[in-house]
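Spelled out from the first residue to the last, the chains are:
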Amino acid sequence: MSRPTTDPSPPAALHRDTLALRMAVERSQHGEHSEALYLSSGFVQPSAAAAARRFAGEEEGYTYGRTGNPTVTSFEQRLAALEGSQAALATASGMAAFTLVCFALLKAGDHVVYSQSMFGSTLKLIGAEFARFGVSSTCVPQTDLAAWRHAMRPETRLLLAETPTNPLTEVCDIAALADLAHQAGAWLAVDNCLATPALQRPLEFGADIVLHSGTKYLDGQGRVMAGAVCASADLIHQRLLPVQKNTGMVLSPFNAWVVLKGLETLSLRLRAQSAQALALAQWLQAHPAVARVHYPGLPTHPQHALAMRQMDGCGGAVLSFELHAGSAEQARARAFHVLDSLQVLSLCTNLGDTKTLCAHPASTSHGKLSEAQRQAAGIGQGLIRVAVGLEHLPDIQADLLRGLDTLDVL
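Basis of the calculations
Throughout, a residue's number is its position along its own chain's written sequence, starting from 1. Only residues with pLDDT of at least 70 are given local features in this predicted model, and only at 80 or more are side-chain atom pairs given and counted; all residues enter the totals for whole chains, interfaces and linings. In computing side-chain properties, one takes all heavy atoms of the structure into account and sets aside hydrogens as well as water. Each helix is a run of DSSP H or I of at least 4 residues and each strand a run of E of at least 2, with the numbering of both proceeding from the N terminus. With C-alpha atoms as the basis for the radius of gyration, the globule rule is written as 2.2 Å multiplied by the number of residues raised to the power 0.38. Only protein chains enter the accessibility calculation, which uses a 1.4 Å probe. A residue is then buried if its area is under 20% of the maximum for its type, exposed if over 50%, and partly exposed in between. Any pair of residues with heavy atoms lying within 4.5 Å of one another is described as a contacting pair. Here the open area of atoms and residues is found with the Shrake-Rupley method and a 1.4 Å probe, where only the protein chains shown may cover a residue. Two strands pair if DSSP finds at least two bridges between them. The criterion for an aromatic pair is that two Phe, Tyr or Trp rings (for Trp, the six-membered ring) have centres within 6.5 Å, with stacked assigned to planes under 30 degrees apart, edge-to-face to planes over 60 apart and tilted to the rest. An axis is simply a line fitted to the C-alpha atoms; with a helix, the fit covers only the stretch in contact. Between two such axes, the angle follows the N-to-C directions and lies from 0 to 180 degrees. Helix crossings are classified by the rotation of the near helix relative to the far one: an anticlockwise turn of less than a right angle makes the crossing left-handed, while a clockwise turn makes it right-handed. In this classification, the charged set is Asp, Glu, Lys and Arg, the nonpolar set is Ala, Val, Leu, Ile, Met, Phe, Trp, Tyr, Cys and Pro, and all remaining amino acids, among them Gly, are polar. Expected helix span is computed as 1.5 Å times (number of residues minus one). Throughout this description, the term nonpolar core refers to a set of buried Ala, Val, Leu, Ile, Met, Phe, Trp, Tyr and Cys residues connected via side-chain atoms within 4.5 Å.

Enquirer: Which parts of the structure should I look at to understand the overall build of the protein?
Expert: When helices and strands are counted, the protein shows 15 helices and twelve strands. Here the C-alpha radius of gyration of the protein, 22 Å, is about what a compact globule of 410 residues would show, namely 22 Å. In terms of overall dimensions, the protein has C-alpha extents of about 75 × 50 × 35 Å along its principal axes. Out of the 410 residues in the protein, the part that is buried amounts to 56%. Contacts in the protein between residues far apart in sequence, at least 24 positions, make up 73% of those at least 6 positions apart. About 16,400 Å² of surface is accessible on the protein, with carbon and sulfur atoms providing 54% of the total.

Enquirer: Would you explain the pairing of strand 12 (residues 383-387) in this entry?
Expert: In terms of burial, strand 12 is largely enclosed, as five of its five residues are buried. On strand 12, burial covers both faces: Leu383, Arg385 and Ala387 on one face and Ile384 and Val386 on the other are all buried. Pairing analysis gives five bridges linking strand 9 (residues 318-323) to strand 12, with the strands arranged antiparallel. By the bridge assignment for strand 12, Glu322 is matched with Leu383.

Enquirer: How should I be thinking about the packing of aromatic side chains in this particular structure?
Expert: If you walk through the whole model with that rule in mind, you get four aromatic pairs. Ring centres of Phe103 and Phe130 lie 5.2 Å apart, and the angle between their planes is 65°; this geometry places the pair in the edge-to-face category. One end of the pair, Phe103, is in helix 4 (residues 94-105); the other, Phe130, is in the loop between helix 5 (120-129) and strand 3 (136-140), with 27 residues separating them in the sequence. Here the aromatic rings of Phe130 and Phe133 are separated by 6.3 Å at their centres, their planes lie at 55°, and the arrangement is tilted.

Enquirer: Quick question: what am I supposed to make of the packing of helix 3 (residues 70-83) against helix 10 (residues 253-262) here?
Expert: Geometry of a packed helix pair, given as the angle between the helix axes and the separation of the axes. The geometry of helix 3 relative to helix 10 is characterised by a closest axis approach of 8 Å and an angle of 35° between their N-to-C directions. Where helix 3 crosses over helix 10, the two elements pack in a sense that is left-handed. Counted together, Thr71, Val72, Ser74, Phe75 and Arg78 of helix 3 and Pro253, Ala256, Trp257, Val259 and Leu260 of helix 10 form the full contact between these two elements. A breakdown of the residues in the contact of helix 3 with helix 10 according to their chemical character gives seven nonpolar, two polar and one charged.

Enquirer: I tried to follow helix 11 (residues 266-285) on my own but got confused; where do I start?
Expert: Since the α-helix packs 3.6 residues into each turn, any two residues three or four apart lie on the same face. The end-to-end C-alpha distance of helix 11 is 28 Å, a good match for the 28 Å that 20 residues give at a rise of 1.5 Å each. Every buried residue of helix 11 is listed here: Leu266, Ser267, Arg269, Leu270, Gln273, Ser274, Gln276, Ala277, Leu280, Ala281 and Leu284.

Enquirer: Quick question: what am I supposed to make of the nonpolar core here?
Expert: Counting 60 residues, the largest nonpolar core has Phe75, Trp148, Leu159, Leu188, Tyr217 and Leu266 as the members making the most contacts within it. Residues within four places of Leu188 in sequence aside, it is in contact with Leu159, Ile174, Leu177, Ala178, Ala181, Ala207, Asp208 and Ile209. Counting residues in hydrophobic clusters, the runner-up holds 33 residues, among them Leu89, Leu125, Leu158 and Leu235.

Enquirer: Just checking my understanding: could you explain unusual backbone geometry for this structure?
Expert: Most peptide bonds adopt trans geometry, and most residues besides glycine take a negative phi value. Between Thr163 and Pro164 the backbone carries a cis peptide bond, its omega angle lying at -5°. Tracing the chain through its elements places Pro164 in the loop between strand 4 (156-162) and helix 7 (174-183). The residue after Asn166, namely Pro167, is reached through a cis peptide bond having omega 15°. Mapping Pro167 onto the fold places it in the loop between strand 4 and helix 7. Phi at Thr169 takes a positive value of approximately 55°, unusual for a residue other than glycine. Note that Thr169 resides in the loop between strand 4 and helix 7. Among the residues examined, Thr169 registers a relative accessible area of 1% and is labelled buried. You will see that Thr196, though not glycine, has its phi angle at about 65°, which is positive. Counting through the fold element by element, Thr196 comes out in helix 8 (residues 196-199).

This is the structure:
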C-alpha cells in the first residue's frame, strides 16, 4: 500500500446520513470546507528514501495517479462508511468493478454461479469473456435458491447476484445466498446499484463483496462514469488493489469528486424517488393497457416481504411494466409507440438521474443477448423500464398517458 488508509475518521456513533456528508480525508492546510479536487497525475516526494519506501508499500503516501489520489480516497472512505465495509476501491465504471473482482478472485478452472437476471453486460462478461480464460459458469434464476444450490460445484469460487435486478426488480435472499456461498468456501458478491446503501447494505446480510455502478444513484444526476467495490480490508488491499494497479482500472479524480458530492444527497434522493416510484407503480397497475407492473414496493411483487426487510421498507426508484399485446412484434411496436410519444420524460438507457428516464430493455441494455437469454431473463418486447425521477408526479403520469392512451392507433 502506498496511499493513506488510516486518516482520522468521524466518531463511530455517527449515522450514515451524517457520514455521507462528513467522511473524507483530512482537509489540507488551506482549510477548505468542500472536499478538495486534486487534479494531479503525480505527487512530489519528500525525499528519495521516502519515495523508495512508498513505492515499496512500506510507507503511506501518494505516488502516482494510477495507485491513489486524495479525492478518490475520500470517495472510497465515504462509500465504505455508508456500506459498512472496512474498505472500498473506486473504478472507472461499474463494469470495471465487476471485471476487477473477477480478475482478482478467479483463475482458470474456477466456476461462477450467477443470476440470469443480472445486467446484460455482466452476463456477457461472465458467460463469454471470462469463459475464454477457462472460467466456467452457470446461470440460474435469481429467486430460485434450489437452483443456486444445485449449480454449486467443488470448484465454485464466486456467486454473483443483483438485487433488485434491472429491469424486472427481482429480489434475492442475500442471507441465504451468503450461507450457500460460505458453506462451499466461495464468495458472494452483490450488485447494490439500484438500492444503494441508502436503502440496503448487503454486507449486513452476510455478503462478502458489494459492487456499484457509481454512474447511477451514487452520482444521481447523470454526469459521470464511476464504479466501486466494497469489501474487507484484506480482500481490497491484498487481492483487488494489486490487480487494479497493474490494469489501470482506476477512477479519475474529477469523477470521484462529482460522485463524492452526489453521496451527500443520496438518502434524500432515493427515499423521495422511491415514494414517487411507488405512487407511479400503483397508478400504472390501474391502466387498461398495462398487463403487469414490476416493483418491489407493491404487495403483488413476488418478493415484496423480502424486499421490505432488506431495503429498509422502500422499493427503490426503478420499476418496469409490460404492455398487453398479442405477439412479440405487436408488443415491440406498442412499447416503441409509448416511448416515442414522450415529450417530457427522457428516452435514455441510463438510470439513477433526478430526471425520469425511460427505456426499452429488449433493444438496449439487453439487446446483445440472444432471444433465448432474454426470454429466460423475462425481458419481453413489451417491457418498458422507468427510472423515476423527481419531477411533479402528475407530469410524469401525463407524459406516459400520451402513449398509453393512444395505443389504439396502432
